[in-house]
Amino acid sequence: MQKRNTLDLKTEDREEEAGKSDVMASEGEYRRTVSAVIVLLLAVSAAHVTNKPASSRPHRKTPVLKMDQAALLVSNQVKDEMILSVVSDHCYQCLPQLLGTVPPGQGPGTPTTVGFVVGTQHALTLQINRTFGNQELCKVYFHFGEQGNYSLWVKNLIEPSQASCDIVTDSEPVNSYLPILFAFLVFAGLAALSTIWSTVRRLDAVRNLLLHLGSTVETERLINSELGTPNRLGITASMESIIPATAGRRLRSLDTFRGLALVIMVFVNYGGGRYWFFRHESWNGLTVADLVFPWFVFIMGTSVGLSLSGSLRRGVKLTHLLGKIFWRSLQLFLIGVIIINPNYCQGPLSWDSLRIPGVLQRLGFTYLVVAGLDVVVAQNRLPNLSSDTCWYSLHDVFLYWPAWLCVIALEIVWLCLTFLLPVPGCPTGYLGPGGIGDFHQYPNCTGGAAGYIDRWLLGEKHIYQTPSSRVVYQSSVPFDPEGILGSINSILMAFLGLQAGKILLHYRDQHRQIITRFLIWGFVLGILSAVLTMCSSNKGFIPVNKNLWSFSYVTTLSCFAFVVLKIFYYIIDVKKWWSGAPFFYPGMNSILVYVGHEVFEEYFPFRWKMSNNQSHAEHLTQNLLATSIWVFIAYLLYRKKIFWKI
């Protein structure tokens, strides 16, 4: 009985073990099947990922982008190592610059990818070359958008010496210009509200209400405030414009024009929202920032013609006027040297690296020459000519022919030095930026004769060390845009402004004559600029160039100045459609605003730490607010009748 039970137990154990074996066998088959399925799925997924565009691959790492940058992923399917070079559309006669290399691909479906960061300010030409033999495969012209992500696919064609290059947008760029549109709408709205209030407050009902609410004296001051007709003021400094003392009134349009130029100057000096067109041009051409300084010089010349004629009519002695001119020029020069060499937190000033040229220094020198020339020539040239004189229609020019001869002689000197002076290691008459420009033939010739004269007379350490040509042309030689040779053309710019002042002086209250002559001068200077530049940024005889203060730069900006002054004169002084606010107020205190914005640039509320310093919107907000604060300060000073005179 017991044995049988034992036998039965053994039989049952064998059956149980056999069942377990069957189960284990089936589990093994199941695991192998699942593993095969997983491997198959992974293979399909890998193949799917490989064939996906670069933007959809999970392993792609997007680089951290700054302002005016975009990400570019180059996918190479060609079985050769590639060289990626790039050249900016803004870089004239520049060779492509190496951006990087791309390893060889494994053929269609298995590309090699490399990421790069490219600029977005200007259109770029991308050039793909084989490393072996430097054979060019393709070129792509494209303007990348800020913060965008792009892929460049390099694929083989039928012929092995050719390849196709296609750019695909993986993620759309941001619209970096929306902050400008928003700011424009805000200021346009404020201007509209100001205009509506100026209209409403002149209604009889509103005037009576204001008289009822406030004291009579205070309300009359409000109604006839600085936003209305200009008040009578005495003679101010050389930077202030006045009609001769016999007229007893300021030319409000000139103060407004000066204020407009000054406000733009403050805005671009504070950064201009970090937009490239609010910065100075790298070399040839014009941006918004390049307009303001020449306009300031032009307006100074106009002011000289009006203010000095008033002094001469009052019988002020020539020696007294010349002494005053010299003292004002010296003050401007010294103030300029102080504010462009700040050492507040850097210890004592080093004389070895003191920068000598600058904006106020050039203004002082230009004022000295133009004002001195005008005083000497105009001293006995204020006759009351008969309109029957044969040359009466041009008497505002012919009466001052000695001054014109002096200015023409100075311009001939500029032309001779610029185009005939031998410069060691550089072609005679060179006007280029050096660096990688002109196919990298003259890397150390930045500015030609203008740069050579500054380095020779002042020394490399006493001029501007980081010129705007470094941005695009990668120049390494110091160059000063307010250098010695360019000062000759700033004298010409101020003298053309002086001519505008003579027109206002000789045709006072003859609005049609003044406007007609402004337009004629603008037309003549515009035609001259078109001839000199051949209506081109780089291919003319003398290109427009702010760094060099070229002859065409002066004629072009003088043309603009005559037209703008004509428009302001018509709508402000003739028709009185606009009071000139808010630009009128900084125009009345130009020296104080300019010096103040330079000295307090790094202090709150003009500058603060931003949460994102790579945002155009934040920079634009900060710069516009800082500029608006200076306009408000100028308004308060005007209300208090506080003017800084030199």
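Relevant structure appears above.
Undergrad: Teacher, can you tell me more about helix α10 (residues 401-420) here?
TA: For the α-helix, the turn length of 3.6 residues means that residues three or four positions removed from each other point alike. The end-to-end C-alpha separation of α10 is 28 Å, in line with the 28 Å expected for 20 residues at 1.5 Å each. Every buried residue of α10 is listed here: Pro-402, Ala-403, Trp-404, Val-407, Glu-411, Trp-414 and Thr-418. Contacts from the buried residues of α10 go to α8 (359-378), α9 (395-398), α11 (449-457), α13 (484-506), α14 (511-533) and α15 (551-574).

Undergrad: What is the right way to read the sheet that holds strand β6 (residues 136-142) from this model?
TA: To summarise the sheet geometry, strands pair through backbone hydrogen bonds and adopt either a parallel or an antiparallel arrangement. The four strands lie next to each other as β3-β2-β5-β6, forming an open sheet whose pairing is antiparallel. The sheet is open, and its two borders are formed by β3 (97-102) and β6, each paired with just one other strand. Within the sheet, the average angular offset between the axes of one strand and its neighbour, ignoring direction, is 20°. In the sheet, strand β5 (residues 124-130) pairs with β6 via six bridges, with the strands oriented antiparallel. By the bridge assignment for β6, Thr-125 is matched with Tyr-141.

Undergrad: Can you walk me through the pattern of salt bridges in this structure?
TA: Summed over all chains, the structure comprises eight salt bridges. In this structure, Glu-602 and Arg-607 form a salt bridge, with 3.8 Å as the shortest nitrogen-oxygen distance. Overall, the relative accessible area of 56% leaves Glu-602 in the exposed class. For Arg-607, a relative accessible area of 17% translates into the label buried. Within the structure, one salt-bridge network assembled from shared partners comprises Arg-355, Asp-480, Glu-482 and Lys-546.

Undergrad: What am I meant to see in the pairing of β5 here?
TA: Each regular strand shows side chains that alternate between the opposite faces of the sheet. The buried fraction of β5 amounts to six of the seven residues, a majority that puts the element mostly inside the structure. Linking β5 to β6, which pair antiparallel, is a turn of five residues; within it Gly-133 sits at a positive phi near 80°.

Rules and cut-offs
Residues numbered from 1 in each chain as written. Predicted model: local features only at pLDDT ≥ 70, side-chain atom pairs only at ≥ 80, totals over all residues. Heavy atoms only, no water. Helix = DSSP H or I, 4+ residues; strand = E, 2+ residues; numbered from the N terminus. Expected span 1.5 Å × (residues − 1). Buried < 20%, exposed > 50% of the residue type's maximum accessible area, 1.4 Å probe, protein only. Contact = heavy atoms within 4.5 Å. Pairing = 2+ DSSP bridges. Axes fitted to C-alpha atoms, helices over the stretch in contact; angles between N-to-C directions. Salt bridge = Lys/Arg side-chain N within 4 Å of Asp/Glu carboxyl O.

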